[in-house]
Amino acid sequence: MGNPKQKWTQEEEEALRAGVAKHGTGKWKDIQRDPEFNKFLFSRSNIDLKDKWRNMTGGASGQGQRDKSRAKAKASSDAPPTLPNLPNAPNVPVSDEATAEPVPDGAPKIADDGKSAARYNAMIFEALSTLKEPNGSDTGAIFSYIERKHEVPQKFRRLLSSRLRRLVAQDKLEKVQNCFKIKEITSFGTKTPAPKEQDVRPRQLQPVVNSNFVETVDEAALAAAYKIAEAENKSFVAAEAVKEAERVSKMAEDADAMLRSALGILEKCSRDEMVLVT
């Protein structure tokens, strides 16, 4: 059966740790021959030192491996899911935003209250009515017109795209390819078969009231009111400018009269004539 192995004492283990720290791992002969450690390790062979050191470090290594495995498992759980391996779909990570509610392309995060929405809609209808393109106007042409006529926020182009899409969804505008135009108001209903001649009777026409048309009229009225206010402001500025010009002209006339009077006095003085100043 061989000689029974002796249990390592705490002094031997501490001597082995100190020897490895001094000579390095694998220098078992140097550790054993070192007088500082030989008095504790004289009964141990090189193989004993090697096996004991492997046992002593195996626990920490095992713990390290477990920690690494746990960290790797956590990283795998935190990683974003991937799309299924479809035939024509690349295997790319899917972010949390993919499951969120879709947002219109480039829609700016600006508070779209009722007053601002009505004002922007009025600008859009004004631009389309003025441009009068037969196939509609694209976003760039509408933006250029509004930017020339009105003061708009910094990111108005993105907001304009959002408003155009909403007006199309509300059936107020018609989109033709990449262009937009005001939708024609029609009263066509569901098509019915043509009646026979004996069934044709005069019917009283019912007035057709389109809510979209009413909203369009309200927005056009708002735009007209905005234009009137702007014209009144310009008229007031022009009137003030006329008053200022008249005041400057009066001052110039007074100065000219004083200059002529001074020249007359100077001329009389040069002839040694007496001048009475009242």
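Definitions and limits used
Residues numbered from 1 in each chain as written. Predicted model: local features only at pLDDT ≥ 70, side-chain atom pairs only at ≥ 80, totals over all residues. Heavy atoms only, no water. Helix = DSSP H or I, 4+ residues; strand = E, 2+ residues; numbered from the N terminus. Buried < 20%, exposed > 50% of the residue type's maximum accessible area, 1.4 Å probe, protein only. Contact = heavy atoms within 4.5 Å. Areas by Shrake-Rupley, 256 points an atom, 1.4 Å probe, with all protein chains shown as cover. Core = buried A, V, L, I, M, F, W, Y, C linked by side-chain atoms within 4.5 Å. Axes fitted to C-alpha atoms, helices over the stretch in contact; angles between N-to-C directions. Parallel < 35°, antiparallel > 145°, perpendicular 65-115°, else oblique. Left-handed = near helix turned anticlockwise from the far one by under 90°. Nonpolar A, V, L, I, M, F, W, Y, C, P; charged D, E, K, R; others polar. Expected span 1.5 Å × (residues − 1). Arc of directions from axis to C-beta. Pairing = 2+ DSSP bridges. pLDDT = per-residue confidence, 0-100.

- As annotated in an unreviewed UniProt entry, the protein carries the name MYB transcription factor and is attributed to Rhodamnia argentea.

Describing the overall build of the protein
(1) Moving on: Along the protein, the regular secondary structure elements total eight helices and three strands.
(2) Moving on: If you list the helices and strands of the protein from N to C, you get α-α-α-α-α-β-α-α-β-β-α.
(3) Moving on: Burial analysis of the protein (278 residues in total) assigns 18% to the buried set.
(4) Moving on: Within the protein, contacts between residues separated by at least 24 positions form 52% of all contacts whose residues are at least 6 apart in sequence.
(5) Moving on: Surface accessibility of the protein: about 22100 Å² in total, with carbon and sulfur atoms responsible for 55%.

Description of the nonpolar core
(1) Moving on: Grouped together as the largest cluster of nonpolar side chains are 17 residues, with contacts concentrated most on Ile124, Ile142, Ile146, Phe156, Leu160, Leu164 and Leu173.
(2) Moving on: Secondary structure elements with two or more residues in this core: helix 5 (114-131), helix 6 (139-149) and helix 7 (156-169).
(3) Moving on: Take this core: its biggest share by element is six residues, from helix 5.
(4) Moving on: In this structure, phenylalanine 156 is in contact with Tyr120, Phe143 and Ile146, ignoring residues within four places of it in sequence.
(5) Moving on: With ten residues, the next largest nonpolar core counts Leu16, Val20, Ile31 and Leu41 among its residues.

Considering the packing of helix 6 against helix 7
(1) Moving on: Close contact between helix 6 and helix 7 brings their axes to 10 Å; oriented N to C, the two are set at 120 degrees. Judged by the angle between their axes, helix 6 and helix 7 are oblique. Seen from above, helix 6 lies across helix 7 with right-handed handedness. Contact residues: Thr139, Gly140, Ile142, Phe143 and Ile146 in helix 6; Phe156, Arg157, Leu160, Ser161 and Leu164 in helix 7.
(2) Moving on: Grouping the constituent residues of the contact of helix 6 with helix 7 by class yields six nonpolar, three polar and one charged.

With respect to helix 1 (residues 10-23)
(1) Moving on: Between its first and last C-alpha, helix 1 extends 20 Å over 14 residues, near the 20 Å set by a 1.5 Å rise per residue.
(2) Moving on: All of the buried residues along helix 1 are Glu12, Ala15, Leu16, Gly19 and Val20. Looking down the long axis of helix 1, one finds its buried residues gathered within 135 degrees of arc, a one-sided arrangement. The exposed residues of helix 1 that point more than 90 degrees off its buried face are Gln10 and Ala21.

Concerning the sheet that holds strand 2 (residues 173-176)
(1) Moving on: Read from one edge of the open sheet, three strands run 1-3-2, paired in antiparallel fashion. One side of each edge strand has no neighbouring strand; the edge strands of this open sheet are strand 1 (137-138) and strand 2.
(2) Moving on: By the bridge criterion, four bridges tie strand 2 to strand 3 (residues 179-182) in an arrangement that is antiparallel. Looking at strand 3, one finds that lysine 175 is bridged to phenylalanine 180.
(3) Moving on: Against the sheet, helix 7 engages strand 2 and strand 3, with an angle of about 110 degrees to strand 2.

What about the side chain of aspartate 34?
(1) Moving on: Assignment of secondary structure puts aspartate 34 in the loop between helix 2 (28-33) and helix 3 (35-41).
(2) Moving on: Judged by its relative accessible area of 9%, aspartate 34 is buried.
(3) Moving on: Excluding residues within four positions of it along the chain, aspartate 34 makes contact with Lys22 and His23.

Some details on the environment of aspartate 171
(1) Moving on: Relative to the helices and strands, aspartate 171 is located in the loop between helix 7 and strand 2.
(2) Moving on: Taking the C-alpha atoms as reference points, aspartate 171 and glutamate 184, separated by 13 residues in sequence, lie 10.0 Å from one another.

Regarding the environment of glycine 24
(1) Moving on: Examined against the element boundaries, glycine 24 turns out to sit in the loop between helix 1 and helix 2.
(2) Moving on: Once residues within four sequence positions are removed from consideration, glycine 24 is found in contact with Gly19 and Ile31.

Considerations on the pairing of strand 3
(1) Moving on: As paired strands, strand 1 and strand 3 are joined by two bridges and run antiparallel to one another. Bridging from a neighbouring strand, aspartate 138 pairs with cysteine 179 of strand 3.

Describing the confidence of the model for the protein
(1) Moving on: When pLDDT is averaged along the protein, the result is 75; 67% of the residues meet or exceed 70.
(2) Moving on: Per-residue pLDDT stays below 50 along residues 60-64; that stretch engages in zero contacts with residues further than four places along the chain or on separate chains.

A look at unusual backbone geometry
A negative phi holds for most residues other than glycine; trans holds for most peptide bonds.
(1) Moving on: Although it is not a glycine, aspartate 171 sits at a positive phi angle of roughly 65 degrees.
(2) Moving on: By relative accessible area, aspartate 171 is classed as partly exposed at 38%.
(3) Moving on: In the Ramachandran plot, aspartate 272 falls in the positive-phi region, its phi being about 60 degrees despite a non-glycine side chain.
(4) Moving on: Inspection of the secondary structure puts aspartate 272 in the segment after helix 8 (211-270).

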